[in-house]
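# Observations on the model geometry
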Amino acid sequence: MKIRKDDQVLVISGKDKGRKAKVITVFPKRNRIMVEGINLRKKHVKPKKSGEKGQIVEVPGSFDVSDVKLICPKCEKPTRIGYKKEGKKKYRICKKCGQEI
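Residues numbered from 1 in each chain as written. Predicted model: local features only at pLDDT ≥ 70, side-chain atom pairs only at ≥ 80, totals over all residues. Heavy atoms only, no water.

By size, the foremost hydrophobic cluster in this structure holds 13 residues, and its most contacted members are Ile3, Val9, Ile33, Val35 and Val68. The residues touching Val35, leaving out its near neighbours within four places in the chain, are Val9, Ala21, Lys22, Val23, Ile24, Pro60 and Phe63. (Core = buried A, V, L, I, M, F, W, Y, C linked by side-chain atoms within 4.5 Å. Buried < 20%, exposed > 50% of the residue type's maximum accessible area, 1.4 Å probe, protein only. Contact = heavy atoms within 4.5 Å.)

Here it is, written out as structure tokens:
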């Protein structure tokens with residue numbers, strides 16, 4: 001998977017289209033990600049102790065990785081990701097500016 005945890009991404013489709021945020025969790029086997037403040041779902045939480053009230057909490061839901069583009073930290077533009085090999089090391093590179101991510 002080309003997108004990793006803590007990457008800055010731009011949402012390119014769905015109800016949150018055009019928003020920028022940070023990746024919280026990555027699910028490589030399911031090809032899905034969770035992004036901070038994007039695709040929020042309402043979860044009904046039961047009271048834990050007696051006398052406490054139940055509440056509705058907003059939690060981020062996962063969505064497909066193809067719905068986002070990585071924002072290059074060097075050129076600050078949404079871009080595709082390529083790979084470059086130097087010896088035994090493999091680096092992600094920005095397709096727009098060619099810099100290492």
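On we go from here.
Moving on, we come to the sheet that holds strand S1 (residues 8-11). Pairing is antiparallel in the open sheet, where six strands are placed in the order S6-S3-S2-S1-S7-S8. Whereas interior strands pair on both sides, the edge strands pair on one side only; in this sheet they are strand S6 (62-64) and strand S8 (78-79). In this sheet, strand S2 (residues 20-27) lies alongside S1 in antiparallel orientation, the contact comprising three bridges. By the bridge assignment, Leu10 is partnered in S2 with Lys20. (Pairing = 2+ DSSP bridges. Helix = DSSP H or I, 4+ residues; strand = E, 2+ residues; numbered from the N terminus.)

Of the volumes computed, that of the largest pocket is approximately 170 Å³. Among the elements that make up the lining of the largest pocket, the one with the highest residue count is strand S7 (residues 68-71) (three residues). Grouping the amino acids of the lining of the largest pocket by side-chain chemistry returns six nonpolar, three polar and three charged. (1 Å grid on protein atoms, 1.4 Å probe; cavity = no way out; pocket = protein on both sides within 12 Å on 5 of 7 lines; lining within 4 Å. Points joined across faces, edges and corners; volume = space filled by probe spheres on them. Nonpolar A, V, L, I, M, F, W, Y, C, P; charged D, E, K, R; others polar.)

For the rest of this paragraph, the subject is the pairing of S1. Looking at chain direction, S1 and S7 are connected through three bridges and run antiparallel. Bridging across to S7, Leu10 finds its partner in Lys69.

Attention now goes to a positive patch on the surface. A cluster of like positive charges, contributed by Lys2, Arg4, Lys69, Lys77, Arg80, Lys85, Lys90, Lys95 and Lys96, occupies part of the molecular surface. Summarising the element assignment, Arg4 is placed in the segment before S1. Given the relative accessible area of 44%, Arg4 is considered partly exposed. (Patch = residues over 30% accessible without salt bridge, like charges linked within 9 Å, V, L, I, M, F, W, Y side chains within 5 Å. Areas by Shrake-Rupley, 256 points an atom, 1.4 Å probe, with all protein chains shown as cover. Salt bridge = Lys/Arg side-chain N within 4 Å of Asp/Glu carboxyl O. Lys, Arg positive; Asp, Glu negative; His and termini not counted. Charge placed at Lys NZ, Arg CZ, Asp CG, Glu CD.)

With that out of the way, let us pick up the packing of aromatic side chains. Considering all chains together, one arrives at zero aromatic pairs under this definition. The positively charged end of Arg30 is found above the aromatic ring belonging to Phe27, 4.7 Å away from the centroid. (Phe/Tyr/Trp six-rings, centres within 6.5 Å; stacked < 30°, edge-to-face > 60°. Lys NZ or Arg CZ within 6 Å of the ring centre and 35° of its normal.)

What follows deals with the state of the cysteines. Simply put, disulfide is the name for a covalent bond between the sulfur atoms of two cysteines. Under the criterion given, the structure shown has zero disulfides. Here Cys94 is not disulfide-linked; the sulfur of Cys97 is the nearest cysteine sulfur, at 3.5 Å. (Disulfide = S-S within 2.5 Å.)

A word on the side chain of Thr79. Checked against the element boundaries, Thr79 lands in strand S8. Ignoring sequence-local partners within four residues, the contact set of Thr79 consists of Lys69, Leu70, Cys72, Cys94, Lys95 and Lys96.

Another aspect to go through is the pattern of salt bridges. All chains considered together, the criterion is met by four salt bridges. A salt bridge links Lys22 to Asp6; the nearest nitrogen and oxygen atoms lie 3.8 Å apart. Placement of Lys22 in strand S2 and of Asp6 in the segment before S1 is noted, with a sequence separation of 16 residues between them.

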